[in-house]
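# Observations on chain architecture
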Amino acid sequence: MKKLYHFLSTINKMGIKLAVLFLLLPKPGNSEILPNSPSNQSDSIKRKTYIQHTYSNGVSKYSIKQRGEIELTEDEKDIKNISPGGYLKIEKTTFGNKRRLEITSDSRGEVHKKYFENRKELPFESEGKNWLSEILLEVIRSSGIDAENRVNRIYKKGKTSAVLREISLITSNSVKGDYFDYLLEKNDLNDQELIQIVEKIGSSITSNSTRAELLEDHSRVFLDNDKKAKAFFAVLSKLSSNTERGEVLRHIVDDHKLSHSMYIDLLKATGKLSSNYERAEVLEEVNEIFIDKPQAYEAYFRVIDGMSSNTERGNVLTDLLEDNNLSAGCLKRLLESTRKISSNTEKGNILEEFIPYFENDKSLIPVFFQTINSVSSNTEKGNILRSLIYENDLKAEAQLELFKSAKALESNTEKGQVLALAMKRMSLNEQAHLALFDAINSLHSNTEKGRLLDHYVNSTQLRGDHNHLFFETVQSISSSHDKAQILKETAQYIPSNDQNSIHNYLETVETIRGSFEQGEALIELIEEVELNKNSLISVLKTTKFIGNNNEKAEILIKVSGLIEEGDKELKEAFKDAASSLSSNYDYRRVMERL
């Protein structure tokens, strides 16, 4: 009703007053509880105290007004009692001729009957009584007069089947609802009868609200065993209103303890909702009673996979993770559903929520990263990987998967940020180092690659057994300037006795194309590291490959100061390097130093 009043208020503001008046008029063939009547304060079908009803059978038009509780005679030919102040008014118009009955009850409950033809009052006993007996059954069936007593009489004579036959003769959904309501209050109904009743509700009542009200009010009698429950959910699934169906399903979740079979039937009914909103609302209630068994969670995730709204799917799945301690099998299935979401943002939200659980079981790790890799946004994927590093002390297998995912990032910036954070916060084993440098080598930006290598050398100070990986990666940089800058930063951390690192350093210098940059790198090594005889010989051999005489001469001058007086082998190596100078001037100035 709130929606109706809001709608009418909106129309009134628009100035369409005729439409408002039209909506307030009673519709042919429908019972109406007037807004100001006492009965409007009650939600029960059985408590209507004022009803106005009009309908036509094609020949005649009926108008029925009633107030209060009305009781029929046993033979249903007359009115026996009406509660004090109540009345029943029946008017029938056929080809312009009107007949009218007014049956009223005074303050003491005494019943008075008047009969009119057109505007003339005629004696009730001689004229009106016969007419009332002729039309009363039709009036009863259209208005629901004395429904409770009538259902009791019919049930006493012919049990459930008799009441169902009578319901099939009633056209009003509201009156049918009354009859079903009273029938379902019988305590001696067996399972087969209850199945017949719920199936009849589904086939005979076309009103979604009436059908939903009956199913919700009497759900307890249908949900105490699986057989009845299956029939119940079959009828519920046929409701065309998503709102009504969703309300009943939520009521069931909140108020009933469901068996495994009922739980799955409820999910199947939820899956038939076409409204993403209603489906999500029901599933969030289901999360409170979630059954973590394969058949049950498969039915649950099938409902989610059928939703077209990424937002609703994301909300339900994150809510499920927050409220439940799920098994590995269920978590895998949740990730499968997450991969099917097309929104990177929603997928990212779920994966962020999933981080605390992904290392609970080794089998989850590859599935988790497979889901991360399904995120097509580099920014979103980078955010997830960074959160993963911040929030977890990753084990070896997870580290490898993380670097594989980082390598797959297409953005150099995002890839660089993830790898830099990983180097800062993670303790890496041999395999992880290999994966790290494999990811660094996949960078297309010399600047980004250089930044990471600087970060690596400053954070590790070349301690460990993985320096060869570092120098191999430096060699892959195409920029001579960037390569030289990294080597210059590295020189300060090379121990004088680390022949392997010195060898790798010099080998990397030889890959630099610019003589100036080669010279800078070699001079930095000479100044920062206390080189022994063998290392100095290696430096001299590398110096021979420098093409610029001036740069070569400067390096040789630096080395000359480190050669001891009696070291013939080192002097010979020096002379050999100097002989590669093509400038007589540079040669003389170098040899003078020796």
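Residues numbered from 1 in each chain as written. Predicted model: local features only at pLDDT ≥ 70, side-chain atom pairs only at ≥ 80, totals over all residues. Heavy atoms only, no water.

## Overview of the overall build of the chain
- Scanning the chain from N- to C-terminus turns up 30 helices and 9 strands.
- For the chain, whose C-alpha radius of gyration is 44 Å, the value lies well above the compact-globule estimate of 25 Å for 594 residues.
- The contacts of the chain with a sequence gap of at least 6 include a subset with a gap of at least 24, amounting to 60%. (Helix = DSSP H or I, 4+ residues; strand = E, 2+ residues; numbered from the N terminus. Rg over C-alpha atoms; globule rule 2.2 N^0.38 Å. Contact = heavy atoms within 4.5 Å.)

## Considering the packing of helix α24 (residues 480-491) against helix α26 (residues 515-528)
- At a minimum axis separation of 9 Å, α24 and α26 run at an interaxial angle of 0°. Considering their axes alone, α24 and α26 lie roughly parallel with respect to each other. Each of S480, H481, A484, Q485, L487, K488 and A491 in α24 lies in contact with α26, whose residues at this interface are E517, E520, A521, E524, L525 and E528.
- Partitioned by chemical class, the residues of the contact of α24 with α26 number 5 nonpolar, 3 polar and 5 charged. (Axes fitted to C-alpha atoms, helices over the stretch in contact; angles between N-to-C directions. Parallel < 35°, antiparallel > 145°, perpendicular 65-115°, else oblique. Nonpolar A, V, L, I, M, F, W, Y, C, P; charged D, E, K, R; others polar.)

## A word on unusual backbone geometry
- One non-glycine residue, F95, lies in the positive phi region at around 50°.
- Secondary-structure assignment places F95 in the loop between β6 (87-94) and β7 (97-105).
- The backbone phi angle of Q461 is positive, close to 50°, even though this residue is not glycine.
- Its location among the elements puts Q461 in the loop between α22 (446-460) and α23 (467-475).
- Relative accessible area serves as the criterion here: at 32%, Q461 is assigned to the partly exposed category. (Buried < 20%, exposed > 50% of the residue type's maximum accessible area, 1.4 Å probe, protein only.)

## Thoughts on a negative patch on the surface
- Judged by side-chain charge, D254, D255, E288, E322 and D323 come together as a negatively charged surface patch.
- Sorting the residues of the negative patch by element identifies α10 (242-255) and α14 (310-323) as the ones contributing at least two each.
- Mapping D254 onto the fold places it in helix α10.
- Given a relative accessible area of 49%, D254 falls into the partly exposed group. (Patch = residues over 30% accessible without salt bridge, like charges linked within 9 Å, V, L, I, M, F, W, Y side chains within 5 Å. Areas by Shrake-Rupley, 256 points an atom, 1.4 Å probe, with all protein chains shown as cover. Salt bridge = Lys/Arg side-chain N within 4 Å of Asp/Glu carboxyl O. Lys, Arg positive; Asp, Glu negative; His and termini not counted. Charge placed at Lys NZ, Arg CZ, Asp CG, Glu CD.)

## So, the environment of C330
- Tracing the sequence through the fold places C330 in helix α15 (residues 328-339).
- Separated by 51 residues in sequence, C330 and K381 have C-alpha atoms that sit 23 Å apart.
- Setting aside anything within four residues of it in sequence, one finds C330 in contact with F290, D292, Y297 and F301.

## Thoughts on the side chain of T94
- Note on placement: T94 falls in strand β6.
- A polar side-chain atom of T94 sits 2.6 Å from a polar atom in the side chain of S60.
- Every residue in contact with T94, bar those within four places of it in the chain, is listed here: V59 and S60. (Polar contact = N/O pair within 3.5 Å; in protein donor to acceptor, adjacent residues only side chain to side chain.)

## As for the side chain of D146
- Within the element layout of this structure, D146 appears in the loop between α3 (124-143) and α4 (147-168).
- Of note is the side chain of D146, whose polar atom sits 2.7 Å from the side chain of N149.
- Not counting the four nearest positions on each side in its chain, D146 is found in contact with I70, E71, L72 and R153.

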